[in-house]
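# A closer look at the structure
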Amino acid sequence: MIKNSIKSQISTLFQKCDILDIELIIAHVLKKDRVFIVTYPEYKLTQKEQTKITALCDKRANDYPLAYIIGNKEFYNRTFIVSENTLVPRPETELLVSNVISFVTQNNNSDTLIIDIGTGTGIIPITLSKELIQHNISSTILATDISLDALNIAKLNAKSNNVTNIKFYISDLLQNIELYEMILATSHNNIIITANLPYVDNSIKNTLLNQPESKALKYEPSIALWSKDSGLHHYKKLINHTIQLHNQLSTTKNIISFYEIDPDQSSLLTKYFDTKISKDIKLIYTKDLSKKDRTLQWTLK
């Protein structure tokens, strides 16, 4: 709780922002952790500090994401750098990561190439690298993004988390030729593709941005959020790329894909697979804490 000196200096902000947000913003400005703010309430803010805190709280009061203000976000118990060029990591994505970890560890499989498509901040490949090492499983990981700015953030996150086994590519899905040829030449028999692509239906964009709980989306990169065709344009494109890739690979190689989706898209995706692929494909949907379909796993053998 902010009290005494600090509270009195920024008292007007409590009408604009949540107390926790204010504490985190103060900690960010002072380059301290939140514990410092709580432990030393008598700390005297300078006028420069007060001005900066007020300006940042004003931004926050206008739905600007807190993660962009403080420059980082927690994911899977690790801290990741974020910027306006990347999506703010969501808890829902942890389910996708957990599914991949379970799949690899249950199969005790080091013979796996992992490719993360649309990597953004790099949270998926970096977390997989760190977690699999804890299970004594070494991994070969490739990560792609169409945005060079996002890819630079991902590289910074890999460095700050001491991850050195990820190779990054600027690419629209799998279309980078160097990336594609590397996949075709891989000695790994199992290829895992992870993707948290844009999947928010752009036909409801205006409606969402006018809802209080979704207003912050206007500050996040559109290229990482919105997709046409009921939000499935990017995933359908990746599905086609994956099928084409599998057709060119050795018959001994498997591709296992893990996607984060909107719960309303599971039935649409099932219908798309029924019309797109003649062979028997098993689709596995995993539900989130709200008991709604949140991830899709599918395999080409």
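Each remark here, short or long, concerns the structure printed above.
Residues numbered from 1 in each chain as written. Predicted model: local features only at pLDDT ≥ 70, side-chain atom pairs only at ≥ 80, totals over all residues. Heavy atoms only, no water.

Quick look at helix H7 (residues 123–134) now. Two residues of an α-helix separated by three or four positions point the same way, owing to the 3.6 residues in each turn. For H7, with 12 residues, the first-to-last C-alpha span of 17 Å sits near the 16 Å given by 1.5 Å per residue. For H7, the tally of buried residues reaches nine of 12 residues, placing the bulk of the element in the interior. Within the sequence span of H7, burial applies to Ile 123, Ile 124, Pro 125, Ile 126, Thr 127, Leu 128, Ser 129, Glu 131 and Leu 132. Looking one or two places after H7, you find Asn 136, whose phi comes out positive at around 60 degrees. (Helix = DSSP H or I, 4+ residues; strand = E, 2+ residues; numbered from the N terminus. Expected span 1.5 Å × (residues − 1). Buried < 20%, exposed > 50% of the residue type's maximum accessible area, 1.4 Å probe, protein only.)

Attention now moves to the pairing of strand S1 (residues 72–75). Pairing of S1 with strand S2 (residues 78–81), which is carried by four bridges, proceeds in the antiparallel orientation. Looking at the pairing, Lys 73 lines up with Phe 80 of S2. Hairpin remark: S1 followed by S2, antiparallel, with two residues in the connecting loop; positive phi at Tyr 76, about 55 degrees. (Pairing = 2+ DSSP bridges.)

Moving on, we get to the side chain of Asp 293. Residue position: Asp 293 is located in strand S11 (residues 293–300). In this structure Asp 293 comes out as buried when scored by relative accessible area, which is 15%. At 2.9 Å, the side chain of Asp 293 and the side chain of Ser 266 are in polar contact. At 2.9 Å, the side chain of Asp 293 forms a polar contact with the side chain of Lys 287. Apart from residues lying up to four places away in sequence, Asp 293 is in contact with Ile 261, Asp 262, Pro 263, Ser 266, Tyr 285, Thr 286 and Lys 287. (Polar contact = N/O pair within 3.5 Å; in protein donor to acceptor, adjacent residues only side chain to side chain. Contact = heavy atoms within 4.5 Å.)

The subject of this paragraph is the packing of aromatic side chains. Considering all chains together, one arrives at nine aromatic pairs under this definition. Their ring planes at 70 degrees and their centres at 5.8 Å tell us that Phe 103 and Phe 258 sit as a pair that is edge-to-face. Placement of the pair is Phe 103 in helix H6 (residues 92–106) and Phe 258 in strand S9 (residues 254–260), with a sequence separation of 155 residues. On the numbers, 6.5 Å between centres and 70 degrees between planes, the contact of Tyr 259 with Trp 298 is edge-to-face. Here the residue Tyr 259 occupies a position in strand S9, and Trp 298 occupies one in strand S11, the gap between them amounting to 39 residues. Per residue, the accessibility class of Tyr 259 equals that of Trp 298, and both read buried. Cluster of aromatic residues (ring-pair linked, three or more members): Tyr 235, Tyr 259, Phe 273 and Trp 298. Above the face of the Phe 36 ring, Lys 32 is positioned so that its terminal group lies 5.0 Å from the ring centre. For Lys 59, the ring lying beneath its charged end belongs to Tyr 64, and the centroid distance is 4.1 Å. (Phe/Tyr/Trp six-rings, centres within 6.5 Å; stacked < 30°, edge-to-face > 60°. Lys NZ or Arg CZ within 6 Å of the ring centre and 35° of its normal.)

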